Amino acid sequence: MDPRKTVRKAIIPVAGNGTRFLPATKAMPKEMLTIVDRPVVQYAVDEARQAGIEHIVFVTGRNKQVIEDHFDDTPELMSSLSRSGKTAQLSELENMLPVAGSVSFTRQQAPLGLGHAVWCARDLIGDEPFALLLPDMISYGAYGCMAGLVDLYSSTGGNVLGVEQCAPEDASKYGIVGKGISVPRGFAVTEMVEKPRAGEAPSNYYLNGRYILQPEIFDILHEQPRGAGNEIQLTDAMVTLAERQSFHAHPYEGRTFDCGCKHGFIEANVAFALDRPEISDLVYESLRDMVLSHERRGRAA
Ligand code: G1P
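Residues numbered from 1 in each chain as written. Predicted model: local features only at pLDDT ≥ 70, side-chain atom pairs only at ≥ 80, totals over all residues. Heavy atoms only, no water.

Whenever I open this one, the pattern of salt bridges confuses me. Can you help?
Side-chain pairing between opposite charges can occur once the charged atoms of the two side chains come close. According to the stated counting rule, one finds 16 salt bridges in the structure shown. Residue Lys195 pairs with Glu194 through a salt bridge whose shortest N-O separation is 2.6 Å. In this structure, Glu278 and Arg276 form a salt bridge, with 3.2 Å as the shortest nitrogen-oxygen distance. Accessibility expressed as a relative area gives 19% for Arg276, which makes it buried. If you follow the salt bridges from partner to partner, you end up with Arg8, Lys9, Glu54 and Glu128 in one network. (Salt bridge = Lys/Arg side-chain N within 4 Å of Asp/Glu carboxyl O. Buried < 20%, exposed > 50% of the residue type's maximum accessible area, 1.4 Å probe, protein only.)

So this is what it looks like as structure tokens:
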């Protein structure tokens, strides 16, 4: 195995039900909820592209067709924008249109867990290392987290994981890694555990939904029994792969918003809105007024 084989392809799993966002997600995929004016899934695609990914494999499910439409051409809309001189919107749509043949879609037929979703993409990935981006987790910072993983991978090869530090009481919500020796831009991973019980986490470095994995993970996933939550867990398969291949972690210097929960989704909207010059002053003033009035009501109560 060439440890530095280029990472050309990425998997973005988009098959989840989004029950935490019902009723908004009754007829619309959770990945199409908007952060300011872009759907959640667009942020993961942009981050993958920024990291040099050439081909994206979406693992979809029933009722997710609109995601496929979002990454397709819209000739009628484009000509209408062109006729009405809306050049900014037109060029934005042109820039986000994937090159023909650079996206694939496959379906996860049953919700058997993240490990199973990744396994569903095995034929489309083939025998090469790949990136994996969980679209609920949105990177916010000077650079996207995946670019940092690719950077670390260029010196370590093997498998590389995005991590961040969480409050100890939140460790049981995530996959947690143990910290070994430091390397430039990261550290060696000593152990991995999916959703550890309170007090059993090896550290507070949690998996933030960004991975570079070697294709040998697919054979392991094929045999992987169900783990936490009665689902086929990717982390459990990574533990097996770690017996024969290296795993390093890249601590992301930005911040990841967990848009799979309401609180993280709202925070992401506020953070990205405050970065948009055309609305940032208005958003800031409204927020400040809302916070002050909220505090006044709290004091009066
Ligand atoms: C998954 C992974 C977990 C990771 C998390 C990040 O969990 O299994 O290791 O920390 O994503 O969002 P899930 O959110 O599917 O429960």
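So much for the structure itself; the text now carries on.
I'm lost on the side chain of Glu164 in this one. Help?
Examined against the element boundaries, Glu164 turns out to sit in strand β8 (residues 159–165). No salt bridge is formed by the buried Glu164; the nearest opposite charge belongs to Arg255, separated by 6.3 Å. Reaching out from Glu164, the side chain makes a polar contact with the side chain of Asn208 at a distance of 2.9 Å. Among all residues touching Glu164, those that are not within four sequence positions of it are Asn204, Tyr205, Tyr206, Asn208, Tyr252, Gly254, Arg255 and Thr256. (Helix = DSSP H or I, 4+ residues; strand = E, 2+ residues; numbered from the N terminus. Lys, Arg positive; Asp, Glu negative; His and termini not counted. Polar contact = N/O pair within 3.5 Å; in protein donor to acceptor, adjacent residues only side chain to side chain. Contact = heavy atoms within 4.5 Å.)

How should I be thinking about the environment of Glu278 in this particular structure?
Tracing the sequence through the fold places Glu278 in the loop between α10 (262–274) and α11 (280–300). With 147 residues separating them in the primary sequence, Glu278 and Ala131 have C-alpha atoms 33 Å apart.

What is the right way to look at the packing of aromatic side chains in this model?
Given two aromatic rings, their pairing is described by the distance between the two centres and the angle made by the two planes. The final tally for this structure, using the stated rule, is ten aromatic pairs. On the basis of an interplanar angle of 10 degrees and a centroid distance of 5.0 Å, the ring pair of Phe58 and Phe105 is categorised as stacked. Of this pair, Phe58 sits in strand β4 (residues 55–60) while Phe105 is found in strand β5 (residues 103–107), placing the two residues 47 residues apart along the sequence. Owing to a relative accessible area of 0%, Phe58 belongs among the buried residues under this scheme. Of the residues examined, Phe105 reaches a relative accessible area of 24% and is grouped as partly exposed. (Phe/Tyr/Trp six-rings, centres within 6.5 Å; stacked < 30°, edge-to-face > 60°.)

I would appreciate a short explanation of the side chain of Glu194 in the present structure.
Checked against the element boundaries, Glu194 lands in strand β10 (residues 186–194). With relative accessibility at 13%, the residue Glu194 sits in the buried group. Engagement of the side chain of Glu194 in a polar contact is seen with the side chain of Lys195, the distance being 2.6 Å. Of the polar contacts made by the side chain of Glu194, one reaches the side chain of Thr235; its length is 2.5 Å.

Where do I start with the environment of Glu267 in this structure?
Note that Glu267 resides in helix α10. Classification of Glu267 as partly exposed rests on a relative accessible area of 28%. Every residue in contact with Glu267, bar those within four places of it in the chain, is listed here: Arg255 and Phe257.

Got a minute to help me understand the pairing of strand β11 (residues 205–213) in this structure?
A regular strand places its side chains on the two faces of the sheet in alternate fashion. The buried count for β11 comes to nine of nine residues, which makes it a mostly enclosed element. The pairing of strand β6 (residues 130–133) with β11 spans four bridges and is classified as antiparallel. Across the sheet, Ala131 pairs through a bridge with Ile212, a residue of β11. Bridging between β8 and β11 involves five bridges; their strand directions are antiparallel. Pairing of Glu164 across the sheet is with Tyr206, part of β11. In the sheet, strand β9 (residues 175–183) pairs with β11 via two bridges, with the strands oriented antiparallel. Following the sheet pairing, Val177 is matched in β11 by Tyr205. (Pairing = 2+ DSSP bridges.)

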